[in-house]
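# Tertiary structure, described
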Amino acid sequence: MVKKGTIKIAGQEHGIRVESRVLEEEIQQAVTKGYRHIEVAAYGQHGIGGRLWRGGDAQIKVDVTGSSGQRLGSMGFANTMIEVFGPASDDVGWLNAGALIIVRGNATNGVANAMAQGKVYIDGDIGARGMTMTKHNPRFEPPELWVFGKAGDSFAEFMAGGVAVVCGVGSENEKDVLGYRPCVGMVGGKIFFRGSQSSYSVHDARLITDLPKEEWSWLKINLKKFLQAIGKEYLFEDLVEKRQEWKLLSALKPHEKKERSIRKMNVFRLDAWERELGSGGLIGDLVSVDRSPIGLITSGELRRFVPIWANEKYLPPCQAHCPTGIPVQKRWELIRKGKMQEAVNLALEYTPFPATVCGYLCPNLCMQNCSRQTVNLPAVDITILGKASLEAKEPKPHPATGKKVAVIGGGAAGLSVAWQLWMKGHDAVIYEGRKQLGGKITETIPQSRIPDEIVAHEIKRLAKNVHHIHLNASLTKEKFGKLKNEFDFIVIASGAAKPRKINVRGIDKALAALDFLRQSKLNCIKVGKKVVVIGAGNVGCDAATEAFRLGAKSVTLIDVQQPASFGVERRHAETAGAKFLWPCFTKAITAKGVELTDGEVLPADTVIVAVGDVPDLSFLPDDVATKKGFIVVNEYFKTNDDQIFAIGDAVKPGLLTDAIGAGRIAARAINDLLKGSHETYDQLLPIDFNRIKTEYFDARIKSFSDLVSCATNCASCGACRDCGMCESICPQNAISRKTLEGENFEYVVDEELCIGCGFCAGTCPTGVWEIVENAPLE
């Protein structure tokens, strides 16, 4: 990414305040575009400067003028420096994860609340509850809060790590430079302060009035850095002149804390509850209900909620959105277990094209719906596993049944159904009208999208097992009738290769997109310098990319609506230099180019039409139902003729993965019919994204380059990873792991110990545990 200069972002436009969400989007977009110095004129917006991980390791400087709102620099990253030229509102540096935040003025409540890394410099006083609930990961430097003035009440409440320094400048005559009762619940970290402090939680912290040598040395070195950052280094000598003015509060270790007396429940009941509500109390003369003690926490049948270990009861989002139905998550699980070859081989049970489609041509709906995407993190990269599947070993087919199925068409859909039928032991016979198998994959998809040798390898693997293949096999109604007599079933997978015509003058001067792509793949066509493509979908984008490869200097794609193209096809066309225009309505195609209805003429040496294709169904019996040129089928892809199935683009235009998935479903239905039985297949629902604990994701990972890192970072949505966290966190020890046959296991709940608290569901990374209402008592 090219580093750019300074960009200014306004918090107010046309006299109206910009929403915090919109302002943050503008900042994130600026970082994405390469800006590393951002000036924000704030108008009370929240969260300015936080979460700028898109900058990678590059240093980002954010200057804030005006009035910054709450949570300045919240969840800030280590690459970020934020400087506010004035005071700041509540929760400066909330959940800070590494940013340096400088406030040139006072800050209100909650400064550095729950901070884990980074530094916060305040050139003034702070409000209540500063440095509360901080923590320190030993792998990183501890978080630091520096305050030039004094701190408000409840300072360092529940502090669990880090360092705070309060200089007390301007508060020399006050008795509490740290406010009222600091350090309550403090379990870690330390606080340097200059001045007086009359009270603090003696149960949680120790006061050191004579700083040890190493502590004094650390303070002086870092105090100088703080003063330099706020422009007051001239005060350094004054602040360190009297060492005795500095004191230190350090958290007591657990074994150093004194045991506190706790009022027992029966004492509370007698001294408080009964005195106020019992006889002689506030309402004692008004009620006569039984107030004897009952168990506060129930188990067994009395629980309101019960936990269920719903392991693999829901589909992970990746598999749920894969039209082919490939168990993506299961393959990553096998890799985590060291079963690399099994993970590679598993794909061939679902598709004959694991490398061609998953590795190269699919838009990867599994990745688009990966749970990591819900928090703007990169999806686990299935293309790496797809490409590794090139050397997958085919599964062993079932014993031969002697049943025969004719497959009309050797494209993605036809080869998919033939492969599935072969695995089930049936004899699939392929009839392909052209001279090679593969359909659009081999004939029209540019080499820039996939190397020819990849496709050739996978087709060769299929042809080695599906033996009966007839090429250049044209089909008529008469021949189709003979096939019905010779075969148990027929599957029509002839695709959609007949160009859809548009009714404009001069259409005969244009090339159909598929015809152009076939010729371009053979390098037997010339396009001239200027090309216009009518139709800006993905096929049109492929045509545009190829036109540039063949020598075109200008390619324009036009459409009547916003282009529906997406993914790698759109990116390749845009990278090559294609221009997209819409809405544009074609009036005529002339020798000069494309004339639009508004009178404009787009000059073109070659015009390509890419407005879709329809099936050639001239061979289809008249009694097979069709609609708008496509074959009508049910959910199992069976036509109104019980002997005929239809799949792929002959039924509905779609993705390659749609065609392959349809082949699986049709083959399964045919297998059931041939066996004389109907198997039921569980239609599992996809797991709710909200059940996956995204907090466990490592936000520092920006991309994946190998199979192991992919498998490790797969969230395993809905499938137990056997981490044991539920067993460890259960307050009642009600959950235990039970070993089953082989490598199988399950986690079981002891109903008499379980109180239905839901801790197991709340902590489970993969969303396996669910909490449901208990059955009502009779």
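Residues numbered from 1 in each chain as written. Predicted model: local features only at pLDDT ≥ 70, side-chain atom pairs only at ≥ 80, totals over all residues. Heavy atoms only, no water.

### Looking at the sheet that holds strand S8 (residues 117-122)
Rules: Only strands that DSSP links by at least two bridges are regarded as paired with each other. Numbering of helices and strands runs from the N terminus, with a helix taken as a DSSP run of H or I at least four residues long and a strand as a DSSP run of E at least two residues long. All axes are obtained by fitting lines to C-alpha atoms, using only the stretch in contact for helices, and the reported angles, taken between N-to-C directions, cover 0 to 180 degrees. A contact between two residues is defined here by any heavy atoms of the two lying within 4.5 Å.
In space, the 11 strands of this open sheet follow the order S1-S4-S5-S6-S7-S8-S9-S10-S11-S13-S12, with mixed pairing throughout. Since the sheet does not close on itself, it has two edges, and those belong to strand S1 (4-10) and strand S12 (205-208), each with one partner. Within this sheet the neighbouring strands show an average axis-to-axis angle of 15 degrees, counted without direction. The pairing of strand S5 (residues 60-67) with strand S6 (residues 80-84) spans 5 bridges and is classified as parallel. Each bridged residue has a counterpart across the sheet, and for Asp63 the counterpart in S6 is Glu83. Together, strand S7 (97-103), S8, strand S9 (144-147), strand S10 (160-166), strand S11 (188-194) and strand S13 (246-251) form the strand contacts of helix H2 (residues 213-229), whose direction differs from that of S9 by roughly 65 degrees.

### Thoughts on a negative patch on the surface
What counts here: Like charges within 9 Å and nonpolar side chains (Val, Leu, Ile, Met, Phe, Trp, Tyr) within 5 Å are joined into patches, using only residues over 30% in relative accessible area that form no salt bridge. What sets the accessible areas is the Shrake-Rupley method with a 1.4 Å probe; for residues, cover comes only from the shown protein chains. What counts as a salt bridge is simple: a side-chain nitrogen of Lys or Arg found within 4 Å of a carboxyl oxygen of Asp or Glu. The positive count covers Lys and Arg only, the negative count covers Asp and Glu only, and His and the chain ends enter neither. A single reference atom marks each charge: NZ on Lys, CZ on Arg, CG on Asp, CD on Glu. Whether a residue is buried, partly exposed or exposed follows from its accessible area with a 1.4 Å probe, protein chains only, as a fraction of its type maximum: under 20%, in between, or over 50%, in that order.
On the surface, a cluster of negative charge is contributed by Glu301, Asp750, Glu751 and Glu752. Among the secondary structure elements, Glu752 is positioned in the loop between strand S33 (745-749) and helix H21 (759-763). Accessibility expressed as a relative area gives 58% for Glu752, which makes it exposed.

### Remarks on the side chain of Lys232
To keep things clear, this is the line we draw: N or O atoms closer than or at 3.5 Å make up a polar contact, with two conditions inside protein: a donor-capable atom paired with an acceptor-capable one, and, for residues adjacent in sequence, both atoms drawn from side chains.
For Lys232, the position within the fold is in the loop between H2 and helix H3 (236-240). A polar atom in the side chain of Lys232 sits 2.8 Å from the side chain of Asp123. Setting aside residues up to four positions removed in sequence, Lys232 forms contacts with Asp123, Phe148 and Leu227.

### Looking at the packing of helix H16 (residues 538-549) against helix H17 (residues 567-576)
To keep it simple, the criterion reads: Working rule for handedness: look at the near helix, and if it is turned counterclockwise from the far one by less than a right angle, call the crossing left-handed; if clockwise, right-handed. Residue type decides the class: Asp, Glu, Lys and Arg count as charged, Ala, Val, Leu, Ile, Met, Phe, Trp, Tyr, Cys and Pro as nonpolar, and the leftover types, Gly among them, as polar.
The interhelical angle for the contact between H16 and H17, taken along N-to-C directions, is 35 degrees, at an axis separation of 8 Å. Here the hand of the crossing between H16 and H17 comes out left-handed. Facing Asn538, Cys541, Asp542, Ala544, Thr545 and Phe548 of H16, the residues of H17 in contact are Glu569, Arg570, His572, Ala573 and Ala576. Grouping the constituent residues of the contact of H16 with H17 by class yields 5 nonpolar, 3 polar and 3 charged.

### A look at the domain arrangement of the chain
It is common to report an interface's size as the accessible area lost on association of the parts. In plain terms, the rule: For the domain bounds, the source is a domain assignment made automatically or taken from a database.
You can read the domains of the chain as domain 1 (1-81), domain 2 (105-261), domain 3 (263-293), domain 4 (404-496 + 615-675) and domain 5 (499-614). Computed from C-alpha atoms alone, the centre-to-centre distance between domain 1 and domain 3 is 58 Å.

### Some points on the state of the cysteines
Heads up, the condition is: By disulfide we mean two sulfur atoms from cysteines, separated by a distance within 2.5 Å.
Per the counting criterion, the structure on display carries 0 disulfides. Unpaired in terms of disulfides, Cys366 finds its nearest cysteine sulfur in Cys322, a separation of 6.2 Å. Judged by relative accessible area, Cys366 falls into the buried class, the value being 10%.

### Digging into the sheet that holds strand S21 (residues 530-534)
Taken in spatial order, the 5 strands of this open sheet run S20-S27-S21-S22-S23, and their pairing is parallel. Edge positions in the open sheet fall to strand S20 (511-512) and strand S23 (579-581), since each of these has one partner strand only. Judged from the 3 bridges that link them, strand S22 (residues 554-558) and S23 form a sheet pairing that is parallel. Note on S23: the bridge partner recorded for Leu557 is Phe580.

### Digging into the environment of Leu23
Looking at the element boundaries, Leu23 is found in helix H1 (residues 20-32). Along the sequence, Leu23 and Phe268 sit 245 residues apart, while their C-alpha atoms lie 53 Å from each other. Not counting the four nearest positions on each side in its chain, Leu23 is found in contact with Ile9, Ala10, Gly11, Val18, Val40, Gln45 and Ile48.

### Side note on the nonpolar core
How we decide: Residue types Ala, Val, Leu, Ile, Met, Phe, Trp, Tyr and Cys, when buried and joined through side-chain atoms within 4.5 Å, form a set referred to as a nonpolar core.
Within the largest apolar cluster, 69 residues are counted, with the highest numbers of intra-cluster contacts made by Trp332, Val417, Ile430, Phe645, Ile647 and Ile670. Counting residues per element, this core draws most heavily on helix H11 (residues 412-423), at 9 residues. Counting residues in each nonpolar core, the second largest holds 48 residues, with Ile122, Ala151, Ala156 and Met186 among its members.

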